[in-house]
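Each chain, written out:
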Amino acid sequence: MVKIPHGWFTIGCSPSDAECHDEERITKRVYINDFYMDVCEVTQSEYQNVMGKTPSHFKHCSNCPVESVSWFNARDYCQKVNKRLPTEAEWEYAARGGTSGARYSDLESIAWYLENSGGKTHPVGRKQSNAYGLYDMLGNVWEWCQDWYDEKWYIRMPQRNPANTAESVSRTVRGGSWDFDSAYIRTSFRGNGQPDFGNDRIGFRCSRDAD
């Protein structure tokens with residue numbers, strides 16, 4: 001894990017990002033406490049070692065991110081290793097790595113996505129990291145977040161350490177995946193999925209409160 005330093009940032013559409021959807025355009029300045037985040041997405045071998053099996057569609061790649069996991073699967077794994085899923089705000093703050101653009105570097109250098117993935121996931125940590133030392137924050141697999149999904153969440157979110165606990169239909173996913181085009185591979189793009197649902201595009205990484 002790596003420690004993500006506390007600070008303020010603007011959640012939502014990045015300046016000059018013409019691809020933002022309406023829900024991203026509701027921006028807000030928020031503060032995030034120090035926390036720790038996994039350097040890479042949880043791999044198939046890590047998941048296998050803790051949970052006793054892997055549900056992944058892409059087999060024979062132990063260092064590829066585990067996928068086809070539901071939100072409940074991801075939450076349970078993180079709890080078993082004394083961690084938790086990141087909040088949506090923590091995820092975006094960490095993904096940006098102190099930058100304010102749509103992506104933390106050149107897309108080809110940082111992400112596996114539709115144009116370069118060859119139709120599959122890839123071993124974690126092979127692309128360029130962001131300034132916090134986090135790999136694959138964009139592309140490879142979507143990542144489950146702790147929050148319930150709400151299109152208008154940014155309107156009512158508190159300014160400090162926001163986390164949406166108001167139950168709805170789906171949970172938030174972030175980051176895009178191996179079979180999505182560049183329009184979705186942006187730090188502010190918000191996806192969602194039903195918590196009991198998993199497919200070969202969705203994985204996760206864990207976080208932990210700072211001591």
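Just so you know, these numbers come straight off a predicted model, no measurement behind them.

Student: In this structure, what is going on with the sheet that holds strand S7 (residues 190–193)? I would like to understand it.
Tutor: Backbone-to-backbone hydrogen bonds pair the strands of a sheet. The strands run either parallel or antiparallel. Sheet architecture is open: four strands sit in the order S7-S6-S5-S8, paired in mixed fashion. The open sheet has two free edges, formed respectively by S7 and strand S8 (202–203), since each of these has just one partner strand. Across three bridges, the pairing between strand S5 (residues 142–148) and strand S6 (residues 171–174) is antiparallel. Residue pairing across strands places Trp144 opposite Val173, the latter belonging to S6.

Student: Can you walk me through the state of the cysteines in this structure?
Tutor: Should the sulfur atoms of two cysteines be covalently bonded, the bond is a disulfide. All told, the structure shown has three disulfides when counted by the stated rule. Covalent S-S linkage joins Cys13 and Cys20, the inter-sulfur distance amounting to 2.1 Å. Judged by the sign of its S-S torsion, about 95°, the bond between Cys13 and Cys20 is right-handed. For Cys20, a relative accessible area of 5% gives the class buried. With a sulfur-sulfur separation of 1.9 Å, Cys61 is cross-linked through a disulfide to Cys64. For the disulfide bridge between Cys61 and Cys64, the dihedral angle about the S-S bond is near 65°, and by the sign convention the bridge is right-handed. On the accessibility criterion, Cys64 (2% relative accessible area) is buried. Listing the disulfide partners of the chain by sequence rank of the bonded cysteines yields 1-2, 3-4, 5-6. Cys40 carries a free sulfur, and the closest cysteine sulfur to it, the one in Cys64, is 12 Å from it.

Student: Could you clarify how one ought to interpret the sheet that holds strand S9 (residues 207–209) in this entry?
Tutor: Strands sit in the order S1-S4-S9 across an open sheet of three strands; the sheet is antiparallel. The open sheet has two edge strands with one neighbour each: strand S1 (2–4) and S9. Recorded for the sheet is a direction-independent mean angle of 30° between the axes of neighbouring strands. Pairing between strand S4 (residues 35–37) and S9: three bridges, direction antiparallel. Residue pairing in the sheet places Tyr36 in a bridge with Arg208 of S9. Against the sheet, helix H3 (residues 88–96) contacts S1 and S4, and its axis sits at roughly 70° relative to S4.

Student: Please explain the nonpolar core as it appears in this structure.
Tutor: One recurring pattern in soluble globular proteins: nonpolar side chains tend to sit buried together. Grouped together as the largest cluster of nonpolar side chains are 26 residues, with contacts concentrated most on Ile4, Met37 and Met137. Only strand S2 (7–11), strand S3 (28–32), S4, H3, helix H4 (107–110) and helix H5 (153–156) provide two or more residues apiece to this core. Top contributing element to this core by residue count: H3, with five residues. Those residues in contact with Met137, other than ones at most four positions away along the chain, are Met37, Trp91, Ala94, Ala95, Tyr104, Asn130, Glu143, Gly175 and Arg205.

Student: Just checking my understanding: could you explain the side chain of Glu41 for this structure?
Tutor: Within the secondary structure, Glu41 is located in the loop between S4 and helix H1 (44–51). Sequence-distant contacts of Glu41, that is, excluding residues within four places in its chain, are made with Glu46, Pro65, Val124, Asp136, Gly139, Asn140, Val141, Glu143, Phe204 and Arg205.

What counts, and where the lines are drawn
- Residues numbered from 1 in each chain as written.
- Predicted model: local features only at pLDDT ≥ 70, side-chain atom pairs only at ≥ 80, totals over all residues.
- Heavy atoms only, no water.
- Pairing = 2+ DSSP bridges.
- Helix = DSSP H or I, 4+ residues; strand = E, 2+ residues; numbered from the N terminus.
- Disulfide = S-S within 2.5 Å.
- Buried < 20%, exposed > 50% of the residue type's maximum accessible area, 1.4 Å probe, protein only.
- Axes fitted to C-alpha atoms, helices over the stretch in contact; angles between N-to-C directions.
- Contact = heavy atoms within 4.5 Å.
- Core = buried A, V, L, I, M, F, W, Y, C linked by side-chain atoms within 4.5 Å.

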